[in-house]
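Spelled out from the first residue to the last, the chains are:
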Amino acid sequence: AMQGSVESRYCLGCVEEENGNVDRAVRHFLISAKLGLKQSLDKIKDLFSDGHATRAQYAEGLQGYQDAVEEMKSPARDEAAALGVLSRPSNAFCKR
């Protein structure tokens, strides 16, 4: 996870949340949301709704996610997606 695996960060966040370490979980979810993982942004949103994350943390995650998605856009990527060349990321990388 420390080397940049987005999915590993998400899974670590899930484990930390299950263990009651919500602050650590939010940090892992923030990192992976800023790298473009929608599931992490959704987790931050849920934690915010439950009162476990701050509005500032949710805003930081949302802005980071939007920046990452924008950075990944390109005409070639859009064309490949339209042709079905790019596969959609799996939600099955973590059982949480």
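Summary of the structure given here.

Conventions we followed
Residues numbered from 1 in each chain as written. Predicted model: local features only at pLDDT ≥ 70, side-chain atom pairs only at ≥ 80, totals over all residues. Heavy atoms only, no water. Axes fitted to C-alpha atoms, helices over the stretch in contact; angles between N-to-C directions. Helix = DSSP H or I, 4+ residues; strand = E, 2+ residues; numbered from the N terminus. Parallel < 35°, antiparallel > 145°, perpendicular 65-115°, else oblique. Contact = heavy atoms within 4.5 Å. Nonpolar A, V, L, I, M, F, W, Y, C, P; charged D, E, K, R; others polar. Expected span 1.5 Å × (residues − 1). Buried < 20%, exposed > 50% of the residue type's maximum accessible area, 1.4 Å probe, protein only. Left-handed = near helix turned anticlockwise from the far one by under 90°. Phe/Tyr/Trp six-rings, centres within 6.5 Å; stacked < 30°, edge-to-face > 60°. Core = buried A, V, L, I, M, F, W, Y, C linked by side-chain atoms within 4.5 Å.

### A word on the packing of helix α2 (residues 22-34) against helix α4 (residues 55-71)
Move 1: Contact pair α2 / α4: the axes reach a minimum separation of 7 Å and the direction vectors enclose 25°. By the angle between their directions, the pair α2 and α4 is classed as roughly parallel. From α2, Val26, Leu30, Ala33 and Lys34 reach across to α4, where they touch Gln57, Glu60, Gly61, Gly64, Tyr65 and Ala68.
Move 2: Along the lines of polarity and charge, the residues of the contact of α2 with α4 split into five nonpolar, three polar and two charged.

### With respect to helix α3 (residues 38-49)
Move 1: Taking 1.5 Å per residue as the helical rise, α3 with its 12 residues ought to reach 16 Å, and the 16 Å between its terminal C-alpha atoms agrees with that figure.
Move 2: Every buried residue of α3 is accounted for by Gln39, Ser40, Leu41, Lys43, Ile44 and Leu47.
Move 3: Its buried side turned inward, α3 meets α1 (6-18), α2 and α4.
Move 4: At the exit of α3 stands Gly51, carrying a positive phi of roughly 85°.

### Considerations on the packing of α1 against α3
Move 1: In the contact formed by α1 and α3, the axes pass within 10 Å of each other and the chain directions differ by 25°. It follows from the interaxial angle that α1 and α3 lie roughly parallel. Relative to α3, the crossing made by α1 is left-handed. Here Tyr10, Cys14 and Glu17 of α1 lie close against α3, whose contacting residues are Gln39, Ser40, Lys43 and Leu47.
Move 2: Counted by class, the contact of α1 with α3 contains three nonpolar, two polar and two charged residues.

### Remarks on the packing of aromatic side chains
Move 1: In this structure the tally under the stated criterion is two aromatic pairs.
Move 2: Ring centres of Tyr10 and Phe29 lie 5.7 Å apart, and the angle between their planes is 50°; this geometry places the pair in the tilted category. Taken together, the positions of Tyr10 in helix α1 and Phe29 in helix α2 put the pair 19 residues apart, joining distant regions of the chain.
Move 3: Accessibility expressed as a relative area gives 6% for Tyr10, which makes it buried.
Move 4: Taking 5.8 Å as the distance between ring centres and 5° as the angle between the ring planes, the aromatic pair formed by Phe48 and Tyr58 counts as stacked. Here Phe48 is found in helix α3, whereas its partner Tyr58 is found in helix α4, with 10 residues between them in sequence.
Move 5: Of the residues examined, Phe48 reaches a relative accessible area of 26% and is grouped as partly exposed.

### Considerations on the nonpolar core
Move 1: Ranked by size, the top nonpolar core spans 15 residues in total, and within it Tyr10, Val26, Phe29, Ile44 and Leu47 carry the most contacts.
Move 2: If you list the elements that add at least two residues to this core, you get α1, α2 and α3.
Move 3: Discounting residues that sit within four places of it in the chain, Ile44 has contacts with Phe29, Leu30, Ala33, Ala53, Gln57, Tyr58 and Gly61.

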